Amino acid sequence: ASIWEDGSSERGFIVAFPKQNKNMIPSSKSGSQEVLEEEEEDHDHDEKIRMQMKEAHDFIIQLAAKYNQGAVYRFEMEVHGQQRLMRETIPVLDAGTDACVEVEIDE
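Report follows, based on the coordinates. (Residues numbered from 1 in each chain as written. Predicted model: local features only at pLDDT ≥ 70, side-chain atom pairs only at ≥ 80, totals over all residues. Heavy atoms only, no water.)

**Looking at the overall build of the chain**
So, point 1. Regarding its fold elements, the chain presents 1 helix and 5 strands.
So, point 2. Seen in sequence order, the chain has helices and strands lined up from the N terminus as β-β-α-β-β-β.
So, point 3. Relative to its 107 residues, the chain shows a buried fraction of 7%.
So, point 4. Here the analysis covers contacts within the chain between residues at least 6 apart in sequence; of these, 25% occur between residues at least 24 apart.
So, point 5. Of the accessible surface of the chain, which amounts to about 9,500 Å², a share of 51% is contributed by carbon and sulfur atoms. (Helix = DSSP H or I, 4+ residues; strand = E, 2+ residues; numbered from the N terminus. Buried < 20%, exposed > 50% of the residue type's maximum accessible area, 1.4 Å probe, protein only. Contact = heavy atoms within 4.5 Å. Areas by Shrake-Rupley, 256 points an atom, 1.4 Å probe, with all protein chains shown as cover.)

**Here's the deal with the pairing of strand β4 (residues 83-91)**
So, point 1. Taken together, the 9 bridges between strand β3 (residues 71-79) and β4 define a ladder with antiparallel strand orientation. Across the sheet, residue F75 finds its bridge partner in β4, namely R87.
So, point 2. A loop of 3 residues connects β3 with β4, the two strands running antiparallel in sequence, and G81 in this loop sits at a positive phi of about 85°.
So, point 3. Direction of pairing for β4 relative to strand β5 (residues 99-102): antiparallel, over a ladder of 4 bridges. Each bridged residue has a counterpart across the sheet, and for E88 the counterpart in β5 is C100. (Pairing = 2+ DSSP bridges.)

**What about the pattern of salt bridges?**
So, point 1. A complete count under the given rule lists 4 salt bridges for this structure.
So, point 2. Across the salt bridge formed by D58 and K54, the nearest N and O atoms sit 2.9 Å from each other. In this pair, D58 and K54 both sit in helix α1 (residues 32-66), 4 residues apart, roughly one turn of the helix.
So, point 3. The shortest N-O distance in the salt bridge between E102 and R84 comes to 3.7 Å. Placement of E102 in strand β5 and of R84 in strand β4 is noted, with a sequence separation of 18 residues between them.
So, point 4. On the basis of relative accessibility, which here comes to 38%, the residue E102 falls in the partly exposed class. (Salt bridge = Lys/Arg side-chain N within 4 Å of Asp/Glu carboxyl O.)

**So, unusual backbone geometry**
So, point 1. Positive phi, close to 55°, is recorded for N68, a residue that is not glycine.
So, point 2. Topologically, N68 is positioned in the loop between α1 and β3.
So, point 3. Taking the relative accessible area as the measure of exposure, N68 reaches 61% and is therefore exposed.

**What about the packing of aromatic side chains?**
Aromatic rings considered in pairs are described by the distance between their centres and by the relative angle of their planes.
So, point 1. The tally for this structure, following the rule as stated, stands at 1 aromatic pair.
So, point 2. Positioned above the aromatic ring of Y73, the side-chain terminus of R87 is 4.3 Å from the ring centre. (Phe/Tyr/Trp six-rings, centres within 6.5 Å; stacked < 30°, edge-to-face > 60°. Lys NZ or Arg CZ within 6 Å of the ring centre and 35° of its normal.)

Structure below.
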């Protein structure tokens, strides 16, 4: 739930998608033809992942609209010298709600 400064709250949900790092996957192929085939497979795989992410994003926006949400948040770790957790506000029903801010975590 989100708890606001005035003490009110609202229920919510989180949808998480892991990021894939293809550099962490060892390659067993060698030679120029195999490298070209692997690059083509990587491209096809990356395109498939992008399509799945877009479908999921579109579904989340439709779900948010169904439940009259003004916006949804997307969280992502950015690295600019140090890691920062960023929250992007994606408008759904309220076009004036787009923003991208760093999340500050109280310790």
